[in-house]
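Inside the fold
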Amino acid sequence: MLKSERAALVLQRLDEFYPDPPIPLDHRDEFTLLVAVLLSAQCTDKKVNEVTPALFEVAGTPERMMELGEAAILEIIRPLGLSKQKAKSLAGLSQIVVEKHGSVVPQTFEELEALPGVGHKTASVVMSQAFGFPAFPVDTHIHRLAQRWGLSLGKNVVQTERDLKSLFPESSWNRLHLQIIFYGREHCTARGCDGTKCGLCRELYPRRRKPVEWKKP
């Protein structure tokens, strides 16, 4: 099967599995989505969703987050990994959004990635899920499955993102990156599948017998 044929099969199957995938991080608007995505670094979405209701209750806007301050933010998000750095980033990010962007989350990659704690992946999620801009955020699930499915050599997330964008139509990117995440969590997990066990891996590589060695980003 050619790489383009594997990509077409992946798109077909994931559309069948997840025709309308939801955004896994609970949020109210662009700002709370930005906050939730930043908090999700090295942390599960489930854990973030347990913490953010209390945070958004007292600091659901850039102004209120800025007023809350780093120390108070930390007390609320302490159960999350990297909480000290994240609290510092949220305090600084909120101040910049208020003072430089008129309390409105910016809608360009350049402006988003200039905010404290916001890297390319976080900016890509916000651009795609909040503003509908075509983007293909690559997280651990996507990086792993792109290798298992023979869609990318996966030496780093930059290459994986570039390879996936070249294989799939732009109109599918925003939906597909969510579909891959859900499939990676529910079927093609890090420990539950080694490239030979889940249904899609077997369909893509019916003769594969050896486990796929995952190269972490």
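Above: the structure in question.
Residues numbered from 1 in each chain as written. Predicted model: local features only at pLDDT ≥ 70, side-chain atom pairs only at ≥ 80, totals over all residues. Heavy atoms only, no water.

Time to look at the nonpolar core. Counting 33 residues, the largest nonpolar core has Val35, Leu39, Leu55, Ile77, Leu93, Leu112 and Val118 as the members making the most contacts within it. Counting only elements with at least two residues in this core, the list comes to helix H2 (30-39), helix H3 (45-58), helix H4 (62-77), helix H5 (83-101) and helix H7 (120-129). A per-element tally of this core places H2 first, with eight residues. Contacts of Ile77, omitting those with residues within four sequence positions, involve Leu39, Val51, Leu55, Ser83, Lys86 and Ala87. Among the nonpolar cores identified, the runner-up in size contains 27 residues, and Ala7, Trp149, Leu176 and Cys188 belong to it. (Core = buried A, V, L, I, M, F, W, Y, C linked by side-chain atoms within 4.5 Å. Buried < 20%, exposed > 50% of the residue type's maximum accessible area, 1.4 Å probe, protein only. Helix = DSSP H or I, 4+ residues; strand = E, 2+ residues; numbered from the N terminus. Contact = heavy atoms within 4.5 Å.)

The tally for this structure, following the rule as stated, stands at seven salt bridges. One salt bridge connects Glu16 with Arg13, and the closest N-O pair in it is separated by 3.4 Å. Taken together, the residues span about one helical turn, with Glu16 and Arg13 both in helix H1 (residues 3-17) at a distance of three residues. With its nearest N and O atoms 3.0 Å apart, the salt bridge here joins Glu161 to Lys165. Residue Glu161 and its partner Lys165 are located together in helix H9 (residues 157-167), separated by four residues, close to a single helical turn. (Salt bridge = Lys/Arg side-chain N within 4 Å of Asp/Glu carboxyl O.)

Glancing now at H3. Here H3 spans 20 Å end to end across 14 residues, near enough to the 20 Å set by a 1.5 Å rise per residue. Of all bends in H3, the biggest is about 35°, found at Thr52, and the proline Pro53 comes one to four residues later. Buried residues belonging to H3 abut H2, H4, H5 and helix H10 (173-186). (Expected span 1.5 Å × (residues − 1). Bend = angle between axes of the 7 residues up to and from the residue.)

One pass over the full model with this rule turns up six aromatic pairs. Ring centres of Tyr18 and Phe182 lie 5.9 Å apart, and the angle between their planes is 35°; on these two criteria the pair is classed as tilted. Taken together, the residues span a long stretch of sequence, with Tyr18 in the loop between H1 and H2 and Phe182 in helix H10 at a distance of 164 residues. Like Tyr18, the residue Phe182 is buried in the burial classification. Through a chain of ring-to-ring contacts, three or more aromatic side chains come together here, namely Phe17, Tyr18, Trp149, Phe182 and Tyr183. The lysine or arginine in question, Arg208, covers the ring of Tyr205, its NZ or CZ lying 3.8 Å from the ring centre. (Phe/Tyr/Trp six-rings, centres within 6.5 Å; stacked < 30°, edge-to-face > 60°. Lys NZ or Arg CZ within 6 Å of the ring centre and 35° of its normal.)

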